[in-house]
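Architecture at a glance
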There are 2 protein chains.
Amino acid sequence: MPQPAFDLTFDPAAIEHLILTLGAIGAHSGTGVWRRVYDPEWVAAQALLAEWMGQAGTVVRQDAVGNLWGRVEGTEGGKAVVSGSHIDSQCPGGRYDGALGVIAALVAVKALVAAYGPPKRPMEVLSLCEEEGSRFPTAGFWGSRAITGRIAHGDADRVLDAQGNSIAAAMNSVGLDPGLIPNARRNDLAAFLELHIEQGPVLEDADRSVAVVSAITGIRHTKVTLVGEQNHAGAFPMDLRRDPMAGFAEMAGGLVGHAHRLGRPAVTTIGRIEVWPNAPAIIPRDVSFTLDARHPRADDYAALHQTHHAMMAEIAARRGLALTSEVQFDLPPTPCDPAIIAALTQSAQALGVAFVEMASGAGHDSQQMAAICPVGMVFVRSKDGRSHTPEEFSSLPDIVDGIRVLAGALYRLAY
Amino acid sequence: MPQPAFDLTFDPAAIEHLILTLGAIGAHSGTGVWRRVYDPEWVAAQALLAEWMGQAGTVVRQDAVGNLWGRVEGTEGGKAVVSGSHIDSQCPGGRYDGALGVIAALVAVKALVAAYGPPKRPMEVLSLCEEEGSRFPTAGFWGSRAITGRIAHGDADRVLDAQGNSIAAAMNSVGLDPGLIPNARRNDLAAFLELHIEQGPVLEDADRSVAVVSAITGIRHTKVTLVGEQNHAGAFPMDLRRDPMAGFAEMAGGLVGHAHRLGRPAVTTIGRIEVWPNAPAIIPRDVSFTLDARHPRADDYAALHQTHHAMMAEIAARRGLALTSEVQFDLPPTPCDPAIIAALTQSAQALGVAFVEMASGAGHDSQQMAAICPVGMVFVRSKDGRSHTPEEFSSLPDIVDGIRVLAGALYRLAY
């Protein structure tokens, strides 16, 4: 692909206006947002975006699950180059996680069409629904799963919120027919590009505004249970104990320490533990914990889990503890597409935006979309590495850098 | 003290009859007992014991908190030699924890008087109340605390059960006046000897029926809290984390491992942990845990806590975690009285009962009684080291060994 002449300027104040206007719908906790899929706030936010997409010159439609698409036809037709993210939030979340990627796509596509006219390939702006699973915990990536055909018949009746209402009922309440979900399937996409806040401290640590994402990490959640022998904390000598808490301590130290030694991008987290009977003067009978282990490269991902397995088996056997482990979910690593990485990298270099290349340690809609098309992502620096909180923040200069890099890549891919 | 001629035989069947008859009051879960202080089952059990104490030739009285005393006057008067334990149980507990010590004292005193007539010093059989704190969690050692004057004015109104009823109301319901608690105080005791099941596996491991207890362990419960930084389990690199779970793992390994290296009789247990927010994909913000650390020798007890403190401070500082610790209670080690240890040891040797000398890792009424008189204890082997469960069990031959050793010591002290 020859290096085209490309230059666009973006007005920070106009972008800020979009962020604050969208953030006002479902505003919560001062700077936060509480916007759950199919709730009135979500409906109002999608309606506003539909209006903005229309003003940007795109043809707007809502698909069968409520994803919003704004399309610009391409002079040469073919598969579409798509950019977007999600507007549902954590409860409460911030103004940036997801929403910034929809606004970025909207602003970029509008500016491209205004400056360069219709593209060769179709371009679409996409606002996805229920990425977070914040209303329906088992419905994470609902919108992108519909597009990729990963929602099975009957799922909509089985997916429930905390009050026991089905997502099918919630869809009905906003005029969507769950029976039509298969219609949301797309098989005519050339690329999906997602701009997202980093949600971590790597860019801040590296003093860069943006990152080109090389891969989305593989994530495995394992529930591990250690069963020992419950006994009196005073009357049982150390040498005769089979103490699952002591076994847990050695395992947790080994598992987390291994990721430390591997260094970036390996991460291993033990976030949840349950102990029985959990009393100060009783050697516990059992300890259960969750093991969240991530690596963005397939070989390293497999090696990480193999090491974990061997380490836990050895410690449990040596300490006379019964070990069971159950993989709760396993999302293999998703490499970003080399051509999209190249488009983003060339865009940043041509614009003089200093960037880092890094893997995403969090899951994203792009991971799902990779099932049907090449994907790529741009990260924008997060203040203090924070997200999923009203305090999450990205600065306007950083956001403008991200949108410029995204627009340059869309130009390379669609023009 | 010259070695007197001493020999008594005990009928195992008669002892078993007492154990099973007492165990039938509040029987629970097959072989267990559910007998809480001031409940009807406890009242019935004390009434039965009063009858048995009368049959044994003692003069019976109930004190101000409901402890039951059966007294045989001594021909030379003076302070009394007392033996007993408690009959309240865990919920459910077994037939042996506590109750066996009351039955042993009853059987021993009855046999001594029958064989040798009245003692020189007064002897008393004692059935204490609410050692376990199983009905009123903050009223552990209620009976022995009354005898030693450790219940403050107003305590009876402040001590509540799980339903919010005060122990004062419970006392009233069985005809006891909480205002008279100070009357339970005794300052005329020469010795308190308690036979108890071991509650641990040391005797089983050593293949011995009984132990002479050298000291009752010091017990300190500390609540430790580690505060780090809550972050996304995927997006935060290991090198930038301040993860209190990883800090906990290192501390727990170090603390428990230290007791392992010290060996018997040091024990350290982490039985309870609370994590916030305790979610699989979130690096926790804080981890709290309880540290139960015990040693029966004062110097070693102090050194143990000093080592723990230094270890936790170093790990917390190195990992950037805020450390707070709160001592929830601290019962210093209680050495048994050398003269009582000698009486028990000589008794066992004279009777040809092979025994071990060991510290008690559990707390006992004797620990309280040590405030007002010399104390000593005999342990009887526990099957599988178990207690606080309906499955706890001690064999009749072991029980008879224990009672013979106890009776020989009472003979040495009172005759």
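Before reading on, note that the structure itself is shown above.
As the structure is a computational prediction, the values presented were derived from the model and not from experiment. (Residues numbered from 1 in each chain as written. Chains lettered and ligands numbered in written order. Predicted model: local features only at pLDDT ≥ 70, side-chain atom pairs only at ≥ 80, totals over all residues. Heavy atoms only, no water.)

**Observations regarding the overall build of chain A**
The criterion, for reference: Secondary structure elements follow DSSP: runs of H or I of four or more residues count as helices, runs of E of two or more count as strands, with numbering from the N terminus. Exposure categories follow from relative accessible area, calculated using a 1.4 Å probe and restricted to protein chains: below 20% of the type maximum is buried, above 50% is exposed, and the middle band is partly exposed. Working rule for contacts: check all heavy atoms of both residues, and any pair within 4.5 Å makes them a contact. Accessible surface is estimated by sampling points in the Shrake-Rupley manner with a 1.4 Å probe; for residues, cover comes only from the protein chains shown. Two residue types count as positive, namely Lys and Arg, and two as negative, namely Asp and Glu; His and chain ends fall outside the count. A charge is said to be at NZ when it belongs to Lys, at CZ for Arg, at CG for Asp and at CD for Glu.
Secondary structure summary: chain A contains twelve helices and 18 strands in total. Taken along its principal axes, the extent of the C-alpha atoms in chain A is 80 × 45 × 40 Å. Burial analysis of chain A (415 residues in total) assigns 61% to the buried set. Sequence-distant contacts in chain A: of pairs separated by 6 or more residues, those separated by 24 or more amount to 78%. Surface exposure of chain A reaches about 15100 Å², of which carbon and sulfur atoms provide 52%. Of the charged side chains in chain A, 33 are positive and 45 negative, and the gap between their average positions amounts to 3 Å.

**A few points about the interface of chain A and chain B**
Interface size is often expressed as the accessible area that is lost when the parts come together. Defined as follows: Simply put, the buried area is the total loss of 1.4 Å probe accessible area from both parts when two parts are fitted together. Whenever a carboxyl oxygen of Asp or Glu lies within 4 Å of a side-chain nitrogen of Lys or Arg, that contact is scored as a salt bridge. Definition of a polar contact: a pair of N or O atoms within 3.5 Å, with one able to donate and the other able to accept a hydrogen when the atoms are protein atoms, and with sequence-neighbouring residues admitted only if both atoms are side-chain atoms.
The interface is formed by 52 residues belonging to chain A together with 51 residues belonging to chain B. Summed over both partners, the interface of chain A with chain B buries about 4100 Å², with 64% contributed by carbon and sulfur atoms. At the junction of chain A and chain B, the tally comes to two salt bridges. In this structure, B:Asp239 and A:Arg264 form a salt bridge, with 2.8 Å as the shortest nitrogen-oxygen distance. Scanning the region where chain A abuts chain B turns up 14 residue pairs in polar contact (both at pLDDT 80 or more). At the level of elements, α7 (202-206), β10 (231-232), α8 (244-262), β11 (267-269), β12 (273-276), β13 (282-283) and β14 (286-295) of chain A are the ones that each hand at least two residues to the side of chain A that touches chain B. Here the side of chain A that touches chain B takes nine residues from α8(A), the largest share from any one element.

**Description of the side chain of A:Thr269**
Following the sequence through the fold, A:Thr269 ends up in strand β11. Residue A:Thr269 is classed as buried on the basis of its relative accessible area, which comes to 0%. One polar contact links the side chain of A:Thr269 to the main-chain carbonyl oxygen of B:Ala233, over a distance of 3.5 Å. Polar contacts involving the side chain of A:Thr269 include one to the side chain of B:Arg241, which spans 2.7 Å. If near-sequence neighbours (up to four positions away) are discounted, A:Thr269 is found in contact with A:Thr290, A:Leu291, A:Asp292, B:Ala233, B:Arg241, B:Ile282 and B:Ile283.

**A short note on the packing of aromatic side chains**
Definition in use: Ring pairs are drawn from Phe, Tyr and Trp, using the six-membered ring of Trp, whenever the two centres fall within 6.5 Å, and their geometry is named by plane angle: stacked under 30 degrees, edge-to-face over 60, tilted for the rest. Two thresholds decide whether a charge sits over a ring: the Lys NZ or Arg CZ must be within 6 Å of the ring centre and within 35 degrees of the ring normal.
Evaluated as defined, the whole model comprises 13 aromatic pairs over all chains. In textbook terms, an aromatic cluster arises when at least three aromatic residues are bridged by ring pairs, as seen for A:Phe248, A:Phe289, B:Phe248 and B:Phe289. The ring centre of A:Trp69 lies 4.4 Å from the NZ or CZ of A:Arg186, which sits over that ring.

**Side note on helix α10 (residues 338-351) of chain B**
All names here are of chain B. Note the threshold: By definition here, a helix of n residues has an expected span of 1.5 Å times n minus one.
The end-to-end C-alpha distance of α10, which contains 14 residues, comes to 20 Å, matching closely the 20 Å that a straight helix rising 1.5 Å per residue would cover. For α10, every residue scored as buried is listed here: Ile340, Ile341, Ala343, Leu344, Thr345, Ser347, Ala348 and Leu351. Those residues of α10 that are buried are in contact with β7 (189-197), β8 (210-216), β17 (355-360), β18 (375-380) and α12 (396-414). In this structure Asp337 caps α10, since a side-chain oxygen of it lies 3.1 Å from the backbone nitrogen of Ala339. Just beyond α10, the residue with positive phi is Gly352, at close to 70°.

**Observations concerning the relation of the copies chain A and chain B**
The condition is simple: For this overlay, a least-squares fit was computed on C-alpha atoms, restricted to residues scoring pLDDT of at least 70 in both copies.
The transformation that overlays chain A on chain B combines an axial shift of 0.1 Å with a rotation of 180°, and the residual RMSD is 0.1 Å. Read as a symmetry element, the transformation amounts to a two-fold axis. Of the C-alpha atoms belonging to chain A, the one lying closest to the rotation axis is found on A:Ala249, 2.2 Å away. Both copies contact each other with a shared surface, as 98% of the interface residues of chain A are interface residues in chain B too.

**Things to note about the pairing of strand β6 (residues 123-128) of chain B**
All names here are of chain B. Defined as follows: Pairs of strands are assigned from DSSP output, requiring at least two bridges between the strands.
Burial analysis of β6 places six of its six residues in the buried class, which makes it a mostly covered element. Neither face of β6 is exposed, since Met123, Val125 and Ser127 on one face and Glu124, Leu126 and Leu128 on the opposite face are all buried. Bridge count between strand β4 (residues 68-72) and β6: five bridges; the pairing is antiparallel. From the neighbouring strand, Val72 faces β6, where its bridge partner is Met123. The sheet contact formed by strand β5 (residues 80-86) and β6 spans six bridges and is parallel.

**Regarding helix α9 (residues 298-319) of chain B**
Residues lying three or four places apart along an α-helix face the same way, a consequence of the helix completing one turn every 3.6 residues. All names here are of chain B. What counts, and what does not: It is the directions from the helix axis to the C-beta atoms that the arc portrays.
Helix length check: α9 (22 residues) gives 32 Å between terminal C-alpha atoms against 32 Å at 1.5 Å per residue, within 8%. Among the residues of α9, Tyr301, Leu304, His305, His308, Met312, Ile315 and Ala316 are the ones counted as buried. Along the axis of α9, the buried positions cluster into a sector of 105°, meaning they face one direction only. Opposite the packed face of α9, turned more than 90 degrees from it, sit the exposed residues Asp299, Gln306 and Ala317.

**Quick notes on the packing of helix α1 (residues 12-23) of chain A against helix α3 (residues 99-116) of chain A**
All names here are of chain A. Going by this rule: Every axis corresponds to a line fitted to the C-alpha atoms, with the helix fit spanning only the stretch in contact, and the corresponding angles, defined between N-to-C directions, vary from 0 to 180 degrees. Relative orientations are named as follows: roughly parallel for angles under 35 degrees, roughly antiparallel for angles over 145 degrees, roughly perpendicular for angles from 65 to 115 degrees, and oblique for any other angle. Helix crossings are classified by the rotation of the near helix relative to the far one: an anticlockwise turn of less than a right angle makes the crossing left-handed, while a clockwise turn makes it right-handed. For this classification, Asp, Glu, Lys and Arg are treated as charged, while Ala, Val, Leu, Ile, Met, Phe, Trp, Tyr, Cys and Pro are nonpolar and the rest, including Gly, are polar.
Where α1 contacts α3, the two axes come as close as 10 Å, and the packing angle between them is 140°. Classified by the angle their axes make, α1 and α3 are oblique. Remark: the crossing between α1 and α3 carries right-handed chirality. Counting all contacts with α1, which are made through Ile15, Leu18, Ile19 and Leu22, the residues of α3 involved are Ala99, Leu100, Ile103, Leu106 and Val107. Looking at the contact of α1 with α3 residue by residue, the classes come out as nine nonpolar, no polar and no charged.

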